[in-house]
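Here's the letter readout for the chains.
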Amino acid sequence: MVKFFATNSQFQYSWDNVSQAVWRKYPNPFASHVLSSDVIERSVDPATGVMSTTRLFLKKGNLPQWGLALLHVPEAYIIEQSTVDPNTRTMTIVTRNLSHKKLMLVEERQVLRPHPDTPNWTEVRTEARIVSNTGWTPIRSRVEGFGLTKFKDNTIR
């Protein structure tokens with residue numbers, strides 16, 4: 001069974017500032033769980049001005065004991081694909097794990113736009129899909145529930 005999560009957030013900062021902050025998110029000294037960050041590809045469509053970027057992260061997670069027993073490796077590769085449309089002032093970011101996908105796949109989609117009522121603020125729509133593809137039915141629900149709880153907790157921070 002797939003778990004879904006969605007939320008809307010507003011930031012009292014301009015779209016320009018918030019979209020620039022996305023690029024500066026990693027690496028930084030306050031995100032010690034991110035071991036590496038690499039730009040794999042970046043291009044700009046000359047006809048539309050839309051910039052597309054693919055980044056790869058290596059992150060270390062805090063797993064519960066049962067998770068460590070199943071994975072034996074707390075690190076995971078994460079891929080982030082983003083587009084920035086300067087004409088519509090929309091940034092779309094899709095992130096998903098490449099490692100441990102059979103145990104738990106987490107796919108997050110964020111869309112950043114200027115707030116419709118307060119243009120100098122930014123509106124962010126976040127959606128996530130968490131699914132365990134393990135064939136072991138008794139643990140599938142527990143894994144997805146853990147993933148959903150962690151995602152919600154990280155969103156609040």
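None of the values given here were measured: they were computed from a predicted structure.

Section: the pattern of salt bridges
Okay, step 1: Taken as a whole and judged by the stated rule, the model has 3 salt bridges.
Okay, step 2: Of the charged contacts in the structure, one is a salt bridge between R89 and D16, with a shortest N-O distance of 3.7 Å. One end of the pair, R89, is in the loop between β4 (75-85) and β5 (90-97); the other, D16, is in helix α1 (residues 15-24), with 73 residues separating them in the sequence.
Okay, step 3: Owing to a relative accessible area of 35%, D16 belongs among the partly exposed residues under this scheme.
Okay, step 4: Across the pair E80 and R55 runs a salt bridge, and its minimum N-O distance is 2.7 Å. Linking E80 in strand β4 with R55 in strand β3 (residues 51-60), this pair joins segments that are 25 residues apart in sequence.
Okay, step 5: A residue is classified by how much of its surface remains accessible, and E80, at 2% relative accessible area, is buried.
Okay, step 6: Of the residues examined, R55 reaches a relative accessible area of 3% and is grouped as buried.

Notes on the packing of aromatic side chains
Okay, step 1: Tallied over the full model, the rule gives 1 aromatic pair.
Okay, step 2: Ring geometry for Y26 against F57: centres 5.2 Å apart, planes inclined by 75 degrees, an arrangement best described as edge-to-face. Of this pair, Y26 sits in the loop between α1 and β2 (34-44) while F57 sits in strand β3, and the two are 31 residues apart along the sequence.
Okay, step 3: The side chain of R42 reaches across the aromatic face of W23, ending 5.0 Å from its centre.
Okay, step 4: For K59, the ring lying beneath its charged end belongs to F57, and the centroid distance is 5.8 Å.

Thoughts on the environment of S19
Okay, step 1: Turning to its location among the elements, S19 is positioned in helix α1.
Okay, step 2: For S19, a relative accessible area of 8% translates into the label buried.
Okay, step 3: Here S19 is in contact with M91 and L112, once residues within four sequence places are set aside.
Okay, step 4: Within the structure, S19 has its side chain in polar contact with the backbone oxygen of D16 (distance 3.2 Å).

Reading the values: rules and limits
Residues numbered from 1 in each chain as written. Predicted model: local features only at pLDDT ≥ 70, side-chain atom pairs only at ≥ 80, totals over all residues. Heavy atoms only, no water. Salt bridge = Lys/Arg side-chain N within 4 Å of Asp/Glu carboxyl O. Helix = DSSP H or I, 4+ residues; strand = E, 2+ residues; numbered from the N terminus. Buried < 20%, exposed > 50% of the residue type's maximum accessible area, 1.4 Å probe, protein only. Phe/Tyr/Trp six-rings, centres within 6.5 Å; stacked < 30°, edge-to-face > 60°. Lys NZ or Arg CZ within 6 Å of the ring centre and 35° of its normal. Contact = heavy atoms within 4.5 Å. Polar contact = N/O pair within 3.5 Å; in protein donor to acceptor, adjacent residues only side chain to side chain.

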